[in-house]
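Fold and contact review
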Amino acid sequence: MNATQEGSSPVLNLLAQLHRDHLAISEGTVATYIPELAKADPNWFGICLVTANGTVYEVGDTRQSFTIQSISKPFVYGLALEDNGRAAVLQKVGVEPTGDAFNSISLDPGTGRPRNPMINAGAIATAGLIGGKNRVVKIRRVLETFGLYAGRELDIDKAIYQSESQTGHRNRAIGHMLRNFDILTDDPAPTVEQYFQQCSISVTCRDLGMMAATLANRGVNPVTGKQAIRGEYVESILSVMGSCGMYDFAGEWIYNIGMPAKSGVSGGVIAVLPGQLGIGVFSPPLDAHGNSVRGIRVCDELSRRLDLHLLNRSGIGRSAIRLKLTGAEIGSSRVRTTQESKILREGGGRTALYQLQGNLAFAATETVTHDIVTGAGGIDFLILDFKRVLTLNESACQLFHLLLRQFHEAGKSVLFARLGDLPLLRRYMKAKLGVGWEDKFQLFQDTDPALEWCENKVLERAGVGRSADHCATPEDYDLLEKFTGEEMGVLVALFKRRAWKKDEVIINIGDDAGEMFFVVRGNVSVIIAAASGTPKRLATFSAGMAFGEMAIIDRAPRSATIVADTAVECDTLCLEDFEKLGVSQPAIKIKLLENLSLGLCRKLRKANREISAFD
Ligand code: GLN
């Protein structure tokens, strides 16, 4: 989605105002030491903010091309990390800020190791770490990677590259110094050229916003969904941006603006607020540190107005528990006999259902585990519902794993429901619990079957569990409660026995209703389509229970679909026969209607109880 194409929005209005306010600034000078760069128009000015979920806000000259220059450094550093691993890269390039200018020849006096990858010396050493059999392959890999970050194919601006190559004697000197200290182990010339080429990759301000947002989104471009860098390396890139990205202005930058950032001599600046957004600003006039004057001011304003300082966070995790219910307050949609319901109401308090929400990092997850363990003495079955969890990190996984172990050791069960979009937790549990991990905790697609699982355990413990092939006789039918043998005989004579195979549809929604059903054997489920379109189970009936009985009262078409969960047999009573009873045996009809009303009352009471449990 592109916010500029949607007309106005609060964020866009804010950016437009910042753009207006900073347009008049006349300080700073366009870099000229690379002759081609001097051609830039000092009035070019673009601001682009891209959220970590891919909404793009842009104002001003956001489609003007310019060369990426030093902003290439963190992205190439990321590629070097992927190619070599952290340890090998750290051997060649440090991570200490220098407080020196970008082009200072500052190598560690002992090892010759450049202090960090954001100054030219470190960036050239980093360029030497890119995999590929020659410079052509290496720069192609760099271009491809940048393209993934930007979400479009990028190319090199040849005029700028040549201009820099013809004048880049200082960088060549740095290359030779690096060769001297064996930081570069081959002829430094191709690596320095490759570095000039990476600096000459042509981008727009919009590209910068997108590249920054990809870092904010842990390496995945939020618009294309493509992975530009493995998530685990993003923190390393952002760290060096945080400490060294703005050269000798880095300390003041992190103090005031508080976001990892990188500037380039062509006038670009990127800033990243992890998990939230990326910013790209473009305006060629530079200050004495070599940073874009407008770029810095705009980032400063944005940080202040939108409260973006990384170290000014609070309130995270206060509401990670969306709902907390016990098995006494909410039941599964499996319909229970009166005796079972009583046991479940009494024992249900030992089942706890936590519906979690939001972004689960340490603080948020801790509020959940703290609440659970505080009440843990009273919990035998813990259901964690992750449906409303947006993200979850390693620290959350770790806390849930430790909780699971603790529950396990105490002979209690933990059930995970609706893990859908959170494969990390699944992978984490698998890795930690090893072989047979699935047996150590229960995974459910929905909370309803999880609740049913707990209920079955409670009933089993109470010794009232019923086997699935239990066969009911008319004496067991709920609706025939208090019928005399003679009355039962009259009804049984009207019954027709019918059978269905597993998964067969017994009733279709919208069908005309012609009969009611008494389950003799097996399970049937009532299914409706939820608002989202996915089928939702409303109720499950087993032997002895009746369904399709509402039609006896209101004669309306069927309101739900009924499916055989197992092989099913039912006694059916057709409406006409039921009607005729009113003439021939009115007492039987009345009794049946009484029982029917009683059943509907019970259902309504259960529904009321559950609704009142929700805030
Ligand atoms: N290519 C430029 C150089 O090495 C990059 C410097 C910069 O953007 N600060 O001089």
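Here's a quick rundown of the structure. (Residues numbered from 1 in each chain as written. Predicted model: local features only at pLDDT ≥ 70, side-chain atom pairs only at ≥ 80, totals over all residues. Heavy atoms only, no water.)

A closer look at the site of the ligand
In the vicinity of the ligand, the contacting residues are Tyr 33, Gln 69, Ser 70, Phe 102, Asn 120, Glu 164, Asn 171, Tyr 195, Cys 199, Tyr 247, Gly 264 and Val 265. Between the ligand and the protein, one listed contact pairs an oxygen atom with a backbone N or O atom of Val 265 at 2.8 Å. Considering the ligand on its own, with 290 Å² of exposed area, one finds that the protein chains cover 99% of that surface. (Near = heavy atom within 4 Å. Polar contact = N/O pair within 3.5 Å; in protein donor to acceptor, adjacent residues only side chain to side chain. Areas by Shrake-Rupley, 256 points an atom, 1.4 Å probe, with all protein chains shown as cover.)

A look at the sheet that holds strand β6 (residues 261–263)
One open sheet holds the five strands; their spatial order is β2-β1-β8-β7-β6, and the pairing between them is antiparallel. The strands lining the two open edges of the sheet, one partner per strand, are β2 (56–60) and β6. Going from strand to strand, the sheet's axes swing by 10° on average, the running direction of each strand aside. Alignment of β6 against strand β7 (residues 268–273), held across three bridges, turns out to be antiparallel. Bridging across to β7, Ser 263 finds its partner in Val 269. Helix α1 (residues 10–23) contacts β1 (46–51) and β2 of the sheet and is inclined by roughly 25° relative to β2. Along the sheet, helix α9 (residues 205–216) makes contact with β1, β2, β7 and β8 (277–282), crossing β8 at roughly 155°. (Pairing = 2+ DSSP bridges. Helix = DSSP H or I, 4+ residues; strand = E, 2+ residues; numbered from the N terminus. Axes fitted to C-alpha atoms, helices over the stretch in contact; angles between N-to-C directions. Contact = heavy atoms within 4.5 Å.)

Quick look at the packing of aromatic side chains
Think of a pair of aromatic rings as described by two things: how far the centres are apart, and how the planes are tilted against each other in angle. By the definition in use, this model includes 14 aromatic pairs. Ring geometry for Phe 75 and Tyr 149: centres 4.6 Å apart, planes at 70°, overall edge-to-face. Here Tyr 149 lies in helix α5 (residues 135–150) and Phe 75 lies in helix α2 (residues 72–84), a separation of 74 residues in the sequence. For Phe 75, a relative accessible area of 0% puts it in the buried group. The exposure class of Tyr 149 is buried, given its relative accessible area of 0%. Consider the rings of Phe 517 and Phe 547, whose centres lie 4.6 Å apart with planes at 5°: the pair is stacked. Remark: Phe 547 occurs in strand β19 (residues 546–547) and Phe 517 occurs in strand β16 (residues 515–521); sequence separation between them is 30 residues. Through a chain of ring-to-ring contacts, three or more aromatic side chains come together here, namely Trp 500, Phe 517, Phe 541 and Phe 547. Sitting over the face of the ring of Phe 45, Arg 294 holds its NZ or CZ atom 5.0 Å from the ring centroid. Above the ring of Phe 407, the side-chain terminus of Lys 412 is found at 5.9 Å from the ring centroid. (Phe/Tyr/Trp six-rings, centres within 6.5 Å; stacked < 30°, edge-to-face > 60°. Buried < 20%, exposed > 50% of the residue type's maximum accessible area, 1.4 Å probe, protein only. Lys NZ or Arg CZ within 6 Å of the ring centre and 35° of its normal.)

Description of helix α7 (residues 169–180)
End to end, α7 covers 16 Å across twelve residues, agreeing with the expected 16 Å (1.5 Å per residue, within 8%). The secondary structure elements touched by the buried residues of α7 are α4 (120–127), α6 (158–167) and α8 (188–199). Where α7 ends, the next residue or the one after it, Asp 182, has phi of about 60°, a positive value. (Expected span 1.5 Å × (residues − 1).)

Quick word on a negative patch on the surface
On the surface, a cluster of negative charge is made up of Glu 475, Asp 476, Asp 478 and Glu 481. Its location among the elements puts Glu 475 in the loop between α18 (447–461) and α19 (485–494). Taking the relative accessible area as the measure of exposure, Glu 475 reaches 57% and is therefore exposed. (Patch = residues over 30% accessible without salt bridge, like charges linked within 9 Å, V, L, I, M, F, W, Y side chains within 5 Å. Salt bridge = Lys/Arg side-chain N within 4 Å of Asp/Glu carboxyl O. Lys, Arg positive; Asp, Glu negative; His and termini not counted. Charge placed at Lys NZ, Arg CZ, Asp CG, Glu CD.)

Thoughts on a positive patch on the surface
A cluster of basic side chains, namely Arg 322, Lys 387, Arg 388 and Lys 536, defines a positive patch on the protein surface. Among the structural elements, Arg 388 can be located in strand β11 (residues 381–392).

Comments concerning the nonpolar core
Counting residues in each nonpolar core, the largest one holds 63 residues, and the members touching the most others are Phe 146, Ile 201 and Leu 215. With eight residues, α9 is the single largest residue contributor to this core. Filtering out sequence-adjacent residues up to four positions away, Leu 215 remains in contact with Phe 75, Tyr 149, Val 234, Ile 237, Leu 238, Met 241 and Val 272. Counting residues in hydrophobic clusters, the runner-up holds 31 residues, among them Ile 379, Leu 419, Leu 433 and Trp 437. (Core = buried A, V, L, I, M, F, W, Y, C linked by side-chain atoms within 4.5 Å.)

Observations regarding the pairing of strand β20 (residues 561–564)
Of the two faces of β20, both are covered, the one formed by Thr 561 and Val 563 as well as the one formed by Ile 562 and Ala 564. Looking at chain direction, strand β15 (residues 505–507) and β20 are connected through two bridges and run antiparallel. Counted as the bridge partner of Ile 507 is Ile 562 from β20. Relative to β20, strand β17 (residues 524–529) runs antiparallel, the two being bridged by four bridges. Bridge pairing in β20 links Val 526 to Ile 562.

Concerning helix α16 (residues 423–433)
Restricting attention to buried positions, one finds in α16 the residues Leu 425, Tyr 428, Met 429 and Leu 433. Within α16, the buried residues cover an arc of 110° as seen down the axis, which keeps them to one side. Pointing more than 90 degrees away from the buried face of α16 are the exposed residues Arg 427 and Ala 431. Phi turns positive one or two residues past the end of α16, at Gly 434, with a value near 70°. (Arc of directions from axis to C-beta.)

Topic: the pattern of salt bridges
What the rule picks out here adds up to 34 salt bridges. Linking Asp 83 and Arg 141 is a salt bridge whose minimum nitrogen-to-oxygen distance equals 2.8 Å. With Asp 83 in helix α2 and Arg 141 in helix α5, the pair connects residues that are 58 residues apart, well separated along the chain. A salt bridge links Glu 144 to Arg 140; the nearest nitrogen and oxygen atoms lie 3.9 Å apart. Note that Glu 144 and Arg 140 are positioned in helix α5 at a spacing of four residues, about one turn of the helix.

Concerning the side chain of Asn 595
Considering the arrangement of structural elements, one finds Asn 595 in helix α22 (residues 586–613). On the basis of relative accessible area, Asn 595 is assigned to the buried category, the value being 13%. In this structure Asn 595 touches Asp 478, Leu 479, Leu 480, Glu 481 and Phe 483, once residues within four positions along its chain are discounted.

Digging into the packing of α19 against α22
The axes of two packed helices give the description: the angle between them and the distance between them. Two numbers describe how α19 lies on α22: the axes approach to 11 Å, and their chain directions differ by 90°. Viewed along their axes, α19 and α22 adopt a mutual orientation that is roughly perpendicular. Here Glu 487, Val 490 and Leu 491 of α19 lie close against α22, whose contacting residues are Ile 588, Lys 591 and Leu 592. (Parallel < 35°, antiparallel > 145°, perpendicular 65-115°, else oblique.)

Regarding the environment of Ala 472
Here Ala 472 lies in the loop between α18 and α19. Judged by its relative accessible area of 5%, Ala 472 falls in the buried class. Sequence separation between Ala 472 and Asp 511 is 39 residues; the distance between their C-alpha atoms is 27 Å. Residues in contact with Ala 472, not counting those within four places in the same chain, are Tyr 477, Val 519, Val 520, Ala 543 and Gly 544.

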